[in-house]
2 protein chains.
Amino acid sequence: MSDVVARLRSALGARVRTDSETLAAHRRDWWALAEIRDLLGRGAPSPLAVVRAESVDDVATALRVCRSSRVPVIPFGGGSGVVGGIEARPDCVVLSTRGLDGLVSLDSRNLTASFRAGTRGGDAERRVQQEGLTIGHWPQSVELSTVGGWVATRAAGQFSTAYGSIEDLVLALEVVLPDGEVLRTRETPRAAAGPDLRQFFMGSEGTLGVMTEVTFSLRPLPESRRLAAFHFATFDAGLDAIRRFMRAGWRPPVVRLYDATETRRQFPKECPDGRNALLLVHEGPVGAVAAEVDGVAALCSDEGGLAANPSAVEHWLEHRNQVPSFRELNERGLVVDTIEIAATWDRVMPVYDAVVASLREIPEVVLASAHSSHSYRSGTNLYFTFAARVEDKARMPAVYQECWRRTMRATIANGGGIAHHHGIGRVRREFLRDEVGDAGVGVLRVLKRALDPDDLLNPGVLVP
Amino acid sequence: MSDVVARLRSALGARVRTDSETLAAHRRDWWALAEIRDLLGRGAPSPLAVVRAESVDDVATALRVCRSSRVPVIPFGGGSGVVGGIEARPDCVVLSTRGLDGLVSLDSRNLTASFRAGTRGGDAERRVQQEGLTIGHWPQSVELSTVGGWVATRAAGQFSTAYGSIEDLVLALEVVLPDGEVLRTRETPRAAAGPDLRQFFMGSEGTLGVMTEVTFSLRPLPESRRLAAFHFATFDAGLDAIRRFMRAGWRPPVVRLYDATETRRQFPKECPDGRNALLLVHEGPVGAVAAEVDGVAALCSDEGGLAANPSAVEHWLEHRNQVPSFRELNERGLVVDTIEIAATWDRVMPVYDAVVASLREIPEVVLASAHSSHSYRSGTNLYFTFAARVEDKARMPAVYQECWRRTMRATIANGGGIAHHHGIGRVRREFLRDEVGDAGVGVLRVLKRALDPDDLLNPGVLVP
């Protein structure tokens, strides 16, 4: 094992780090359970070494050296994943893409921009905004996550209802395969040239290759923006309003419906107690936005929604990327996490009811709530939040896992999809079979085995 | 080989056909070169047998029996492909999905409809229109092609600029894998649960599995429709108008720009000689359409487009699915075909100029023209038509292949993508490496080998 470090050093010099600070910073992602385990002194170990790749060749070299030594490699972007997609082991090398930073090319006529995969989302977005353009992708992690990480996890951003998720925004990819070969997909707006190779790597969570460059199909910054808010007596009525305006073809980029519990917590001033707040951001050409504002408002009113001052939307826009510190909550005896799922319209309320009820049966659970934040013609997502008060910290992992298990089981039992946009990682791995079936797991396995026969790239993640 | 027919018969009874009429009807698809070869008496041979599957079990059984006998299987939907994706051999079994016909379920609240994969497109569309809904997918072959074939070939329809191509319309799939296992993807509006398994089979052209059911995410029929037409002095100016209104976020479902040659041929009455006609269909809520009509018109005028009577659009809507008979043209000494490619905006005119010039260098070529019919933020497609007058019929295949070779080479040399929506089949197979690179071909090969180790499913197609 120390042999692999020596071999990496001779090939990559100072890009190979073994100082304890760097190693410690690459032990894990932001998974809430990893944080709890740290608190309990049972945290993820440090890796053997961290390779900070600065070029595609560095990535290929690191993969080849580790492969020939049969040493596992864990690709690491921003480290902001929340499902345990990164967890070092003492015998592994972490391959950081953060040194692959910055713009490669930008074409404002083609509306394309290529970034090296380790570029942080916020930096990429600011760069294209200098040209009056936008990527249109705002995950809450935008200032931490990398563009390569967005692809690896199949991310969705807060404005996805109009602009789409990562699969709708990426024009081309460069990926280094487990054997060190470099795959570049063609920069073309659409192709029928066999299966879409980009899709093999979107959602591969570091198990099939290492992203090194991402080319986006951009948009101009919107000509205008209007905010709107509606209050509904029930969560169900709010969902039905969304369903109806999605059906009519309206596409506000932001569509967020909070259940009464979350509305009370997030917008105590803006929304009367017991109501369910719907927050909308409309963007586009002035005329199109005007038509959309009217069209959506009519359908919301029709479902009993009361038009409200959109100050709650302003509040959300300002504070949307603030997240509480898990560590601080854990130290106060609270176990907290969010779980996003998706479902067709007929299954949303059954999933919602079943998950909330199932979580509330756990004695320690003090909060179980949800909002919907990404909608489609045929359904929407639900973003659950749970909190449990666990006096005996040693029990925190068990309570945490019980909350996840119940949410996953209630979702599956009611026909929902187990993951909307955070990925599988380790926390959902045992449930993937319920999502894609034996045959689906089988296809993922044969592809994995064919590309990475020794299971060296991010082992333990995604495929059960 | 006769052994396999006996084994299929004992498992599937009368669904196994060996009468000469059925065999002859399943020899090939609509590839223009296959038509020429027929004329020359060198047509594709009949298969050993045709299995007309009527259930998923029939498909699985046929695949298992053929696999155990190592007999190749060619999945066959509507047979309307145009790139040689189907070509029987005397030792193969053709597996027709046409007996897998009709609606499985329709949910007008979820906007979902599941059809058995052999359902013809027109039948599926008429069925959902009974509920006031639409699939929104109109390939020219809509009355011939099957919904499973749409998926297998990565089809795009005439209204794709607003409604998307097949990958944007399919919610879930059922596929029988080469070993007879059945894969069903989950009916969920979006997932981050590993790579999107649907995408492994979209564009697989019968090489990775047999589609047995397709679930669409539908739309309501549009509330309103408006037609518009503009005439441009140059093809380039017309393309720039499209680029600008796509950039602004307008999405007319139909956006068709014909070069001057095609305009003269298609719309001799409607458009002054030498001009390039742009045909538009706007659809959606009345207010949204009104805003779009104005927004698009302003940008077309700005690029020098002259607003014209939309009678050309009406003419196109009425006649859009009429195609000439290749056989009749061939008998008159004409070799004719269409070739669709795609390119980012900066590459469209270079590809157009190079392909047209390169085709016109062939002495027999009497026509080389193009239109654009599917647009995106970052580029568009070009749909070339060529015609060559070849007195010596024996030379027709050579001239045909020279036209294709030149179009592919000029596209590649100018940075275009070689296939927009017809697929690879046999006619583009030698060029796939230019599209996806050695690494891309490598990934497709390992997947193929892993799922179909004996290369029995539609061998000779797609992967070089």
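The following paragraphs examine the structure supplied in this document. Remember, predicted model here, so these are calculated numbers, not experimental data.

### Here's the deal with the overall build of chain A
- For chain A, the helix and strand inventory stands at 17 helices and 19 strands.
- For chain A, the C-alpha radius of gyration of 22 Å lies close to 23 Å, the compact-globule estimate for 464 residues.
- When the backbone C-alpha atoms are referred to their principal axes, chain A occupies close to 70 × 60 × 40 Å.
- The burial tally for chain A puts 63% of its 464 residues in the buried class.
- Considering only intrachain contacts with a sequence separation of at least 6, the fraction spanning at least 24 residues in chain A is 73%.
- As displayed, chain A has an accessible area near 15,600 Å², and 47% of this comes from carbon and sulfur atoms.

### Some details on the packing of helix α10 (residues 235-247) of chain B against helix α15 (residues 345-360) of chain B
Residue and element names in this part refer to chain B.
- At a minimum axis separation of 11 Å, α10 and α15 run at an interaxial angle of 160°. When the axes of α10 and α15 are compared, the pair comes out roughly antiparallel. In terms of crossing hand, the pair formed by α10 and α15 is right-handed. Of the residues in α15, those in contact with F235, D236, L239, I242 and R243 of α10 are W345, V348, M349 and Y352.

### Focus: helix α12 (residues 286-302) of chain B
- In a regular helix each residue adds 1.5 Å, so 17 residues correspond to 24 Å; α12(B) covers 24 Å between its end C-alpha atoms and thus fits that length.
- If you check which residues of α12(B) are buried, you get V289(B), A291(B), E292(B), V293(B), G295(B), V296(B), L299(B) and C300(B).
- For α12(B), the secondary structure elements touched by its buried residues are α12 (286-302) of chain A together with β12 (224-232), α10 and β14 (276-284) of chain B.
- Two residues or fewer after α12(B) comes G304(B), characterised by a positive phi angle close to 90°.

### Side note on the relation of the copies chain B and chain A
- Rotating chain B by 180° about the axis while translating it 0.0 Å along that axis superimposes it on chain A, leaving an RMSD of 0.0 Å. Taken together, these values place the two copies in the relation of a two-fold axis.
- Looking at chain B, 100% of its interface residues are interface residues in chain A too, so the copies touch through the same face.

### Some points on the sheet that holds strand β3 (residues 73-76) of chain A
Residues and elements named next belong to chain A.
- Here we have 4 strands laid out as an open sheet, ordered β1-β2-β4-β3, and mixed in their pairing. Of all strands in the sheet, those bounded by a partner on one side alone are β1 (16-17) and β3.
- In terms of strand pairing, strand β2 (residues 49-52) meets strand β4 (residues 93-96) through 4 bridges, oriented parallel. Within the sheet, the bridge partner assigned to V51 lies in β4 and is L95.
- Packing of helix α4 (residues 56-68) onto the sheet brings it into contact with β2, β3 and β4, and relative to β4 it is tilted by some 170°.

### Details of the nonpolar core
- With 238 residues, the main nonpolar core has F216(A), F245(A), F216(B) and F245(B) as its most contacted residues.
- Ranked by the residues each element gives to this core, the list is headed by helix α17 (residues 432-451) of chain B, at 9 residues.
- Dropping the residues within four chain positions of it, F216(B) is found in contact with L111(B), T112(B), A113(B), F115(B), I135(B), V147(B), W150(B), I166(B), L169(B), V170(B) and L171(B).

### Brief notes about the packing of helix α17 (residues 432-451) of chain A against α17(B)
- Interaxial distance between α17(A) and α17(B) falls to 9 Å at its minimum, and their mutual angle equals 125°. If you check the angle between α17(A) and α17(B), you find them oblique. Taken as a pair, α17(A) and α17(B) cross one another with a handedness that is right-handed. Across the interface between the two elements, V443(A), V446(A), L447(A), A450(A) and L451(A) of α17(A) pack against V443(B), V446(B), L447(B), A450(B) and L451(B) of α17(B).
- Its residues placed into classes, the contact of α17(A) with α17(B) shows 10 nonpolar, no polar and no charged.

### Describing unusual backbone geometry
- Positive phi outside glycine occurs at R154(A), with the angle close to 55°.
- Following the sequence through the fold, R154(A) ends up in the loop between α6 (147-153) and α7 (160-163).
- By relative accessible area, R154(A) is classed as buried at 3%.
- Even without glycine at this site, E205(B) takes up a positive phi of about 50°.
- Here E205(B) is to be found in the loop between α9 (198-201) and β10 (210-217).
- Owing to a relative accessible area of 8%, E205(B) belongs among the buried residues under this scheme.

### Describing the interface of chain B and chain A
- Taken together, the 86 residues of chain B in the interface contact 86 residues of chain A.
- Taken together, the two surfaces of chain B and chain A that pack against each other cover about 6,900 Å², and 56% of this comes from carbon and sulfur.
- The tally of links between chain B and chain A comes to 8 salt bridges.
- Salt-bridge contacts for R347(A) lead to E187(B); the nearest nitrogen and oxygen are separated by 3.9 Å.
- Our count for the contact surface shared by chain B and chain A stands at 38 residue pairs in polar contact (both at pLDDT 80 or more).
- Partitioning the side of chain B that touches chain A into residue classes produces 42 nonpolar, 24 polar and 20 charged.

### Topic: the environment of S311(B)
- Considering the arrangement of structural elements, one finds S311(B) in helix α13 (residues 311-319).
- Taking the C-alpha atoms as reference points, S311(B) and F267(B), 44 residues apart in sequence, are found 9.6 Å from one another.

### What to know about the state of the cysteines
Residues and elements named next belong to chain A.
- Within the structure shown, the criterion is met by 0 disulfides over all chains.
- Of all cysteine sulfurs, the one in C271 lies closest to C300, which takes part in no disulfide; the gap is 13 Å.
- Among the residues examined, C300 registers a relative accessible area of 0% and is labelled buried.

### Focus: the pairing of β12(B)
Residues and elements named next belong to chain B.
- For β12 and β14, the ladder comprises 9 bridges, and the chain directions are antiparallel. Following the sheet pairing, A229 is matched in β14 by L279.
- Pairing of β12 with strand β15 (residues 306-308), which is carried by 3 bridges, proceeds in the antiparallel orientation. The partner of H231 across the bridge, within β15, is L306.

### Some points on the packing of aromatic side chains
- Scanning the model with the defined rule gives 15 aromatic pairs over all chains in all.
- Taking the centre distance of 4.7 Å and the plane angle of 5° together, the rings of F200(A) and F200(B) count as stacked. Of this pair, F200(A) sits in helix α9 (residues 198-201) while F200(B) sits in helix α9, on two different chains.
- Given the relative accessible area of 0%, F200(A) is considered buried.
- Centre to centre, the rings of F386(A) and Y400(A) are 6.0 Å apart; their planes meet at 55°, and the pair counts as tilted. Of the two residues, F386(A) is situated in strand β19 (residues 379-389) and Y400(A) in helix α16 (residues 396-413); the sequence distance between them amounts to 14 residues.
- Taken together, F115(A), W150(A) and F216(A) form an aromatic cluster joined through their ring pairs.
- Geometry around W316(A) places R320(A) over its ring, the cationic atom sitting 5.5 Å from the centre.

### A word on the side chain of N110(B)
- In this fold, N110(B) is placed in the loop between β5 (103-107) and β6 (112-116).
- A distance of 3.0 Å separates a polar side-chain atom of N110(B) from the backbone nitrogen of W345(A).
- If we skip the residues at most four places from it in the chain, N110(B) touches T344(A), W345(A), D346(A), R377(A) and S378(A).

### Observations regarding the environment of W31(B)
Residues and elements named next belong to chain B.
- Following the sequence through the fold, W31 ends up in the loop between α2 (20-25) and α3 (32-39).
- Sequence-wise, W31 and V83 are 52 residues apart; in three dimensions their C-alpha atoms are separated by 5.1 Å.
- Discounting residues that sit within four places of it in the chain, W31 has contacts with R37, G81, V82, V83, G84, E87, Y400, R426 and V427.

How each quantity is defined
- Here the residue index of a chain counts from 1 through its sequence in written order.
- Chains and ligands are labelled by the order in which they are written, letters from A for the one and numbers from 1 for the other.
- Predicted model: local features are reported for residues with pLDDT of at least 70 only, side-chain atom pairs are reported and counted for 80 or more only, and whole-chain, interface and lining totals are derived from all residues.
- Side-chain descriptors were evaluated using all non-hydrogen atoms of the structure, hydrogens and water having been removed beforehand.
- By the criteria applied, helices consist of DSSP H or I runs no shorter than four residues and strands consist of E runs no shorter than two, each listed in order from the N terminus.
- Each radius of gyration reported is based on C-alpha atoms, and the globular scaling rule is 2.2 Å times the count of residues to the power 0.38.
- Three labels apply to residues, based on accessible area from a 1.4 Å probe with only protein chains included: buried if under 20% of the type maximum, exposed if over 50%, partly exposed otherwise in between.
- Here, two residues are considered to be in contact whenever any of their heavy atoms come within 4.5 Å of each other.
- Reported accessibility uses the Shrake-Rupley method at a 1.4 Å probe radius. Residues are deemed covered only where the shown protein chains occlude them.
- Fitting a line to C-alpha atoms yields each axis, with helices limited to the stretch in contact; the angle taken between N-to-C directions then spans 0 to 180 degrees.
- Convention used here: angles under 35 degrees read as roughly parallel, angles over 145 as roughly antiparallel, angles from 65 to 115 as roughly perpendicular, and any remaining angle as oblique.
- For any pair of crossing helices, the crossing counts as left-handed if the nearer helix is rotated counterclockwise from the farther one by less than a right angle, and right-handed if it is rotated clockwise.
- Each helix should span, by expectation, one fewer than its residue count multiplied by 1.5 Å.
- The fit set for superposing copies consists of C-alpha atoms from residues with pLDDT of at least 70 in both; the fit itself is least squares.
- DSSP bridges decide pairing: two strands pair if at least two such bridges lie between them.
- Within this scheme, the nonpolar core is defined by two criteria: the residues are buried Ala, Val, Leu, Ile, Met, Phe, Trp, Tyr or Cys, and they are joined through side-chain atoms within 4.5 Å.
- Gly falls in the polar group here, along with every residue not listed as nonpolar (Ala, Val, Leu, Ile, Met, Phe, Trp, Tyr, Cys, Pro) or charged (Asp, Glu, Lys, Arg).
- Take the accessible area each of two parts loses on contact, using a 1.4 Å probe, and add the two losses: that sum is the buried area.
- Whenever a carboxyl oxygen of Asp or Glu lies within 4 Å of a side-chain nitrogen of Lys or Arg, that contact is scored as a salt bridge.
- Think of a polar contact as two N or O atoms within 3.5 Å of one another; within protein, one of them needs to be a possible hydrogen donor and the other a possible acceptor, and neighboring residues in sequence only count if both atoms come from side chains.
- Cysteine sulfur pairs qualify as disulfides if the two atoms are within 2.5 Å.
- Two aromatic rings, drawn from Phe, Tyr or Trp (for Trp, its six-membered ring), form a pair once their centres lie within 6.5 Å of each other, and the interplanar angle then sorts them: stacked below 30 degrees, edge-to-face above 60, tilted otherwise.
- Counting as a charge over the ring demands two things of the Lys NZ or Arg CZ atom: a distance within 6 Å of the ring centre and an angle within 35 degrees of the ring normal.

Geometric descriptors of this kind do not, in isolation, establish any biological role.
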